[in-house]
Protein chains: 2
Amino acid sequence: MSDELELISATKSFGGWLKRYTHRSEALHCDMVFAIYLPPAAEEKPVPLLWWLSGLTCTDENFMQKAGAQRIAAELGIAIVCPDTSPRGTDLPGEHERYDFGSGAGFYVNATESPWNRHYHMYDYVTGELPALLEAHFPLNGKAAISGHSMGGHGALICALKNPGRYTSVSAFAPICNPSQCPWGESAFTGYLGKDQTNWREWDACELVKSRGSKLALMVDQGDADNFYQDGQLRPEALQAACKEAEVPLTLRMQPGYDHSYFFIASFIDDHLRYHAHHLRSA
Amino acid sequence: MSDELELISATKSFGGWLKRYTHRSEALHCDMVFAIYLPPAAEEKPVPLLWWLSGLTCTDENFMQKAGAQRIAAELGIAIVCPDTSPRGTDLPGEHERYDFGSGAGFYVNATESPWNRHYHMYDYVTGELPALLEAHFPLNGKAAISGHSMGGHGALICALKNPGRYTSVSAFAPICNPSQCPWGESAFTGYLGKDQTNWREWDACELVKSRGSKLALMVDQGDADNFYQDGQLRPEALQAACKEAEVPLTLRMQPGYDHSYFFIASFIDDHLRYHAHHLRSA
């Protein structure tokens, strides 16, 4: 891990600071950018951290610009970090041709298939390298929660399920609940992990719930007017069935009329931050 | 005025609906797009309307995506309309070459100079044609307030100053207070209004304050780390001096550390909406 962080920008927001940094990632073998929001309380004492994993096509910027989360994070005294959604600056064959595979679509897994296995280790990046870098450089108290949207909602679920005790709480907006069984996930997992679906089980939230269970409750918001939900990409019902089978507590809120956009996220981000704040305080 | 509105999209947001429409503008001789947020209360009864005029390079989308205003508008029962910032779909010589003149930079004036005087009547559009269209199509109660950012903050000020009694309240974020005396304004006014600066006075908020006064108080937020403020494009001190001379009440809040971005707007939009809600209720 390189210990060097280069500040790109610092923008005052709700009394705190939104900062963007670039750094060399050893896990990904490329330069990466992330954004961190530091609430006013971080000037006084270490604060807890919420991880936000974004969806397909996003960068570190979408959530900070569109979710309206800084207002509540400032009030609650929570930092938020937004990693990017894939390695960047690389130019693998076909990497930039599709919105749902390659750049902007790392799926938070560790790729095993060539040529993706050189760079596409987003799981190691968001659970290993980046947390260590943040702990070293920012006033954080070691407590962390995790959330995300769509591909990143699934990322949040698998990070929590694969690391019991690591996060105080997990939530997701419109997650791809069961990537082994939907077009987005089948395509991405075949590319990153190969055709042998037994290797997919460690990277599918529904399979992880069934194989490992979870002491942590799962909280999911899903809009019922979400076209990707209607097209079968998200499959919250599969997560519901897996949780029932494994006796994992799941709060699945179907939100009538809401779509897949950041307008949906913004409408309910307040609930999620207060949920995480409660668990971060109690931990 | 054409009475036809074509719905582009409807997105649920904080229990209300964000809708985008296209329509033929007779004032601008082109097709235009606007966005309107209808709070949940609009399903029960007519609601008041806040006009939001955006800044250079923006469209109807920036404010709705980034300001976080729908949350408060939903709570307060206020509709918000975001017009575009210039005529669109035209291709006048040089119209798309600069970010601060032509498309995306209509300055909310009525151009008198050729070739701009055929299309660039954004003042007539936002004070005449579009209000009539909205009253005809949406559940509005006839009460209106106005706000905006940068070029649009100035637009809000001149709309209010030129139409006493029309708006219950006016506010602005980092407005170009004195366009006759700053590079952005001098360039735009020369292009749209010609070289005779006596014709600029009707379109400059500081000149209007001095010539007409205002019963309406003005409310302005300005970040002191705003590079455009530091570069002399915004000149709130000129507005302050004009208001003092004309005995017009001005609340100018210098916000330490804030820049010119939507992160600044989002940080204080709550204050502005509550300010307008108070006046809209009292009117």
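Computed from a predicted model, the values in this text were never measured in an experiment.

What counts as what
- Residues numbered from 1 in each chain as written.
- Chains lettered and ligands numbered in written order.
- Predicted model: local features only at pLDDT ≥ 70, side-chain atom pairs only at ≥ 80, totals over all residues.
- Heavy atoms only, no water.
- Helix = DSSP H or I, 4+ residues; strand = E, 2+ residues; numbered from the N terminus.
- Rg over C-alpha atoms; globule rule 2.2 N^0.38 Å.
- Buried < 20%, exposed > 50% of the residue type's maximum accessible area, 1.4 Å probe, protein only.
- Contact = heavy atoms within 4.5 Å.
- Areas by Shrake-Rupley, 256 points an atom, 1.4 Å probe, with all protein chains shown as cover.
- Lys, Arg positive; Asp, Glu negative; His and termini not counted.
- Charge placed at Lys NZ, Arg CZ, Asp CG, Glu CD.
- Axes fitted to C-alpha atoms, helices over the stretch in contact; angles between N-to-C directions.
- Parallel < 35°, antiparallel > 145°, perpendicular 65-115°, else oblique.
- Left-handed = near helix turned anticlockwise from the far one by under 90°.
- Nonpolar A, V, L, I, M, F, W, Y, C, P; charged D, E, K, R; others polar.
- Phe/Tyr/Trp six-rings, centres within 6.5 Å; stacked < 30°, edge-to-face > 60°.
- Lys NZ or Arg CZ within 6 Å of the ring centre and 35° of its normal.
- pLDDT = per-residue confidence, 0-100.
- Polar contact = N/O pair within 3.5 Å; in protein donor to acceptor, adjacent residues only side chain to side chain.
- UniProt positions renumbered as here; feature names shortened; annotations may be inferred.
- Buried area = accessible area lost by both parts, 1.4 Å probe.
- Salt bridge = Lys/Arg side-chain N within 4 Å of Asp/Glu carboxyl O.

Q: So what's going on with the overall build of chain A? Residues and values would help.
A: A tally of helices and strands in chain A yields 9 helices and 9 strands. Taking 2.2 N^0.38 as the reference for a compact globule, 283 residues should give roughly 19 Å; the C-alpha atoms of chain A span a radius of gyration of 17 Å, in line with that estimate. For the C-alpha atoms alone, the extent of chain A along its principal axes is close to 50 × 40 × 30 Å. Split into buried and exposed, the 283 residues of chain A put 60% on the buried side. For chain A, restricting intrachain contacts to residue pairs at least 6 apart in sequence, the fraction spanning at least 24 positions comes to 72%. In the structure as shown, chain A presents an accessible area of about 10,500 Å², 47% of it carried by carbon and sulfur atoms. Charge separation in chain A, taken as the distance between the mean sites of 23 positive and 34 negative side-chain charges, equals 5 Å.

Q: Please set out the packing of helix H2 (residues 69-76) of chain A against helix H9 (residues 262-282) of chain A residue by residue, giving values where relevant.
A: All names here are of chain A. Across the interface, H2 lies against H9 with an axial gap of 10 Å and an inter-helix angle of 25 degrees. Taken together, the axis directions place H2 and H9 in an arrangement best described as roughly parallel. Both H2 and H9 take part in a crossing whose hand is right-handed. For the pair formed by H2 and H9, the contact residues are Ala-69, Arg-71, Ile-72, Ala-73, Glu-75 and Leu-76 on the first element and Ile-269, Asp-270, Leu-273, Arg-274, Ala-277 and Arg-281 on the second. Residues of the contact of H2 with H9, tallied by class, amount to 7 nonpolar, no polar and 5 charged.

Q: Got a sec to walk through the packing of aromatic side chains? Specific residues and values, please.
A: Residue and element names in this part refer to chain A. Taken as a whole and assessed by the stated rule, the structure comprises 38 aromatic pairs over all chains. When the ring of Tyr-21 is compared with that of Phe-138, the centres are 5.3 Å apart and the planes differ by 70 degrees; the resulting orientation is edge-to-face. Taken together, the residues span a long stretch of sequence, with Tyr-21 in strand S2 (residues 16-25) and Phe-138 in the loop between helix H3 (122-137) and strand S6 (140-148) at a distance of 117 residues. Residue Tyr-21 is classed as buried on the basis of its relative accessible area of 10%. What makes Phe-138 buried here is its relative accessible area of 9%. Ring geometry for Trp-184 versus Phe-228: centroids 4.7 Å apart, planes at 40 degrees, classification tilted. Of this pair, Trp-184 sits in helix H5 (residues 183-193) while Phe-228 sits in helix H7 (residues 227-230), placing them 44 residues apart in sequence. Judged by its relative accessible area of 23%, Phe-228 is partly exposed. Looking at Lys-162, its charged tip hangs above the ring of Tyr-123, at a distance of 5.3 Å from the centre.

Q: Break down the confidence of the model for chain A for me, with residues and values.
A: Of all residues in chain A, 99% attain a pLDDT of 70 or more, and the chain-wide mean is 97. Under the prediction, the complex receives an ipTM of 0.94, its pTM being 0.96.

Q: A description of the side chain of Arg-71 of chain B should follow, citing residues and the corresponding values.
A: For Arg-71 of chain B, the position within the fold is in helix H2 (residues 69-76). A polar contact of 3.2 Å, which involves the side chain of Arg-71 of chain B, links it to the side chain of Asp-270 of chain B. Setting aside its immediate chain neighbours within four residues, Arg-71 of chain B contacts Arg-71 of chain A together with Phe-14 and Asp-270 of chain B.

Q: Please give an account of the UniProt feature "active site" (unreviewed entry) in chain A that cites residues and values.
A: Residues and elements named next belong to chain A. Following the UniProt record, the feature "active site" (unreviewed entry) maps to Ser-150, Asp-226 and His-260 here. Of the residues just listed, which span 111 residues, no C-alpha pair is farther apart than 10.9 Å, and they cluster in one region. Looking at the element boundaries, Ser-150 is found in the loop between S6 and helix H4 (151-162). Taking relative accessible area as the criterion, Ser-150 reaches 3% and is therefore assigned buried. Leave out the neighbours within four places in its chain, and Ser-150 touches Gly-55, Phe-173, Ala-174, Pro-175, Ile-176, Trp-184 and His-260. Structurally, His-260 can be placed in the loop between strand S9 (250-255) and H9. A residue is classified by how much of its surface remains accessible, and His-260, at 10% relative accessible area, is buried. Setting aside anything within four residues of it in sequence, one finds His-260 in contact with His-149, Ser-150, Ala-174, Asp-226, Asn-227, Phe-228 and Leu-234. Within polar-contact distance, the side chain of His-260 engages the side chain of Ser-150 at 2.8 Å.

Q: Quick rundown of the side chain of Gln-222 of chain B? Include the residues and the values.
A: Residue and element names in this part refer to chain B. Following the sequence through the fold, Gln-222 ends up in strand S8 (residues 218-223). Owing to a relative accessible area of 0%, Gln-222 belongs among the buried residues under this scheme. In this structure, Gln-222 is in contact with Ala-174, Pro-175, Tyr-229, Leu-234, Pro-236, Leu-252, Arg-253, Met-254, Gln-255 and Phe-264, ignoring residues within four places of it in sequence.

Q: Give a detailed account of the interface of chain B and chain A, specifying residues and quantitative values.
A: When the parts of a complex come together, some accessible area is lost, and that lost area is often taken as the interface size. Facing the 20 residues of chain B at the interface are 20 residues of chain A. Taking both sides of the interface into account, the surface hidden between chain B and chain A amounts to around 1,700 Å²; carbon and sulfur atoms contribute 58%. Three residues, Lys-12, Gln-65 and Phe-263 of chain B, lead the burial of chain B against chain A; their summed loss comes to 36% of the area buried on that side. Remark: the boundary between chain B and chain A carries 6 residue pairs in polar contact (both at pLDDT 80 or more). When contributions to the side of chain B that touches chain A are tallied by element, the ones reaching two or more residues are strand S1 (6-13), strand S2 (16-25), helix H1 (61-66), H2 and helix H9 (262-282) of chain B.

Q: So, the pattern of salt bridges: which residues are in play, and what are the values?
A: Scanning the model with the defined rule gives 26 salt bridges over all chains in all. Across the salt bridge formed by Arg-274 of chain B and Glu-75 of chain B, the nearest N and O atoms sit 3.0 Å from each other. On the criterion of sequence distance, the pair formed by Arg-274 of chain B in helix H9 and Glu-75 of chain B in helix H2 is long-range, its members being 199 residues apart. Residue Asp-271 of chain B is joined to Arg-253 of chain B by a salt bridge in which the shortest nitrogen-to-oxygen separation is 2.8 Å. Highlighted residues: Asp-271 of chain B in helix H9 and Arg-253 of chain B in strand S9 (residues 250-255), separated in sequence by 18 residues. Judged by relative accessible area, Asp-271 of chain B falls into the partly exposed class, the value being 33%. By sharing partners, the salt bridges in this structure join Arg-71, Glu-75, Asp-270 and Arg-274 of chain A into a single network.

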